[in-house]
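# Understanding the architecture of this molecule
Here are the chains, one letter per residue:
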Amino acid sequence: MAASLSSSGSARLMTALARSSMLHNSFESRSLHVTAVCCKNRAARIRIGKGDRPLTYEQAHHPHQIAHRKGWLSQHTSNLKGVEGAAERTVEDVFIRRFMFGTFHGCLANEVVIKRRGNMLVVCALMLQKLPPQKFYFLIGYSESLLSHFYKCPVKLDIQTLQDKAVYKYL
Amino acid sequence: MAAPLALRRDFFSLARILGGISQLGPRGLSACSSHRKCSQTPFHFLQTSSPFFHTATYLSSTPLAITVTDEPDTLFQKVLVLVKAHDRAVLDSYEFFATMAAKELGITMGKVSEPPKDIERLTLLKSVHIYKKHRVQYEMRTHYRCIELLHITGCTAQVYLEYIQRNLPEGVAMEVTKTAMEKIPDHILEPIWKDHPIDDKSSK
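Residues numbered from 1 in each chain as written. Chains lettered and ligands numbered in written order. Predicted model: local features only at pLDDT ≥ 70, side-chain atom pairs only at ≥ 80, totals over all residues. Heavy atoms only, no water.

- Chain B has the name Small ribosomal subunit protein uS10m in an unreviewed UniProt entry, where Characodon lateralis is given as its organism.
- As recorded by UniProt, the Subcellular location (unreviewed entry) comment attached to chain B reads in full: "Mitochondrion".
- The record in UniProt for chain B states the following under Sequence similarities (unreviewed entry): "Belongs to the universal ribosomal protein uS10 family." (UniProt positions renumbered as here; feature names shortened; annotations may be inferred.)

- Per an unreviewed UniProt entry, the recorded name for chain A is 28S ribosomal protein S24, mitochondrial, and the organism is Characodon lateralis.
- As recorded by UniProt, the Sequence similarities (unreviewed entry) comment attached to chain A reads in full: "Belongs to the universal ribosomal protein uS3 family."

## Description of the overall build of chain B
- In terms of regular secondary structure, chain B is built from 6 helices and 5 strands.
- Seen in sequence order, chain B has helices and strands lined up from the N terminus as α-α-β-α-β-β-β-α-β-α-α.
- Taking contacts inside chain B between residues at least 6 apart in sequence as the whole, the part at least 24 apart equals 79%.
- Element-wise, carbon and sulfur atoms account for 59% of the exposed surface of chain B, whose accessible area totals about 13600 Å². (Helix = DSSP H or I, 4+ residues; strand = E, 2+ residues; numbered from the N terminus. Contact = heavy atoms within 4.5 Å. Areas by Shrake-Rupley, 256 points an atom, 1.4 Å probe, with all protein chains shown as cover.)

## Considering the sheet that holds strand β5 (residues 155-162) of chain A
All names here are of chain A.
- Strand order across the open sheet formed by 4 strands is β2-β3-β4-β5, with mixed pairing between neighbours. Unpaired on one side and paired on the other, β2 (74-75) and β5 mark the two borders of the sheet.
- Here β2 runs beside strand β3 (residues 113-117); their pairing, made up of 2 bridges, is parallel. When the sheet's bridge partners are listed, S74 is paired in β3 with I114.
- Against the sheet, helix α3 (residues 86-103) contacts β2, β3, β4 (120-128) and β5, and its axis sits at roughly 135 degrees relative to β3.
- Here helix α4 (residues 133-151) sits on the sheet and contacts β4 and β5; the angle it forms with β5, its principal contact strand, is near 150 degrees. (Pairing = 2+ DSSP bridges. Axes fitted to C-alpha atoms, helices over the stretch in contact; angles between N-to-C directions.)

## Considerations on unusual backbone geometry
- Positive phi values are uncommon outside glycine, yet K152 of chain A reaches one of about 55 degrees.
- With respect to the helices and strands, K152 of chain A occurs in the loop between α4 and β5.
- Residues other than glycine seldom take positive phi values, yet I130 of chain B does so here, at roughly 50 degrees.
- Assessed through its relative accessible area of 55%, I130 of chain B is described here as exposed. (Buried < 20%, exposed > 50% of the residue type's maximum accessible area, 1.4 Å probe, protein only.)

## Comments concerning the side chain of S78 of chain A
Residues and elements named next belong to chain A.
- With respect to the element layout, S78 can be found in the loop between β2 and α3.
- The class for S78 is buried, based on a relative accessible area of 6%.
- Looking at S78, its side chain comes within polar contact range of the side chain of H76, at 3.2 Å.
- Sequence-distant contacts of S78, defined by excluding residues within four places in its chain, comprise V83, E84, G85, A86 and R89. (Polar contact = N/O pair within 3.5 Å; in protein donor to acceptor, adjacent residues only side chain to side chain.)

In structure tokens form, the structure reads like this:
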């Protein structure tokens, strides 16, 4: 009885292994068991946690809520139908975001919003009041002149300061 | 002839108001509005060549000179303004603004239509390596709004379009199509056979 049970158990194990997607050379070697990829989306999403992590409105909403509950962080016309120049604008945006993150290190309360009105680049950001105002003004003037000389177009910075980050919910 | 002169005087006052609003150069308009225009009307009004880039204060620069010419003004049968954007709410508010501006300036408006939106979809692989069966789809929506202006003169069209384009929101593109009316040339007003009666057919 015991022998037959063990043989049936091993047979069930073998059939289970055979049903898996990877094949094995011989029954003695260990086979690789691979399941289908878990197709959950992980892009721009912060996973639910213990409830102590503060999130801004921007971080709390998932990317499929864009144009529904979220707006756009970078507004220009090159992604419209029949308009070229999308790649150049995207590269400029990436550079501007890294530049802002580095210049105002630790002071950014939320994502940087980049708008293009005609020839002008308007960079809007929410800052925390970590630095004295004189340093803020110097950094604003420095980034404006540097970016305008770099991109050969007028660059304006619209900065608003807050005491703390605006928390939308805790996850 | 008095009508275009009167319009140009109105334009000067409007441009003074506009000059107080923003101090952008005219080359700023071309990046936002589309490249395709039936007639290229250059908007060279504020020829400011300032060495500094950022405009902290909004001051009007040199006052505009009124140009008075004797040549007749171009007449447009129809001026089509097509605005494109990703956001329908932005287009709604822009349409309200443009129609209100046209009503205040006394421009006859045709119909304001909304052509159907265009959706451009891309399907890409979700993973960096293999997993061909799992993909991600992105889409880019373009909404349109078409505003028609009927029976408008060249000066009025210039002023109205400049005002509209200076207040174009970010992320909105504009295409302007102008249908001009021209005087019929004199040599085709009368049919040719009236002056030259056909008598060579009888010889053949």
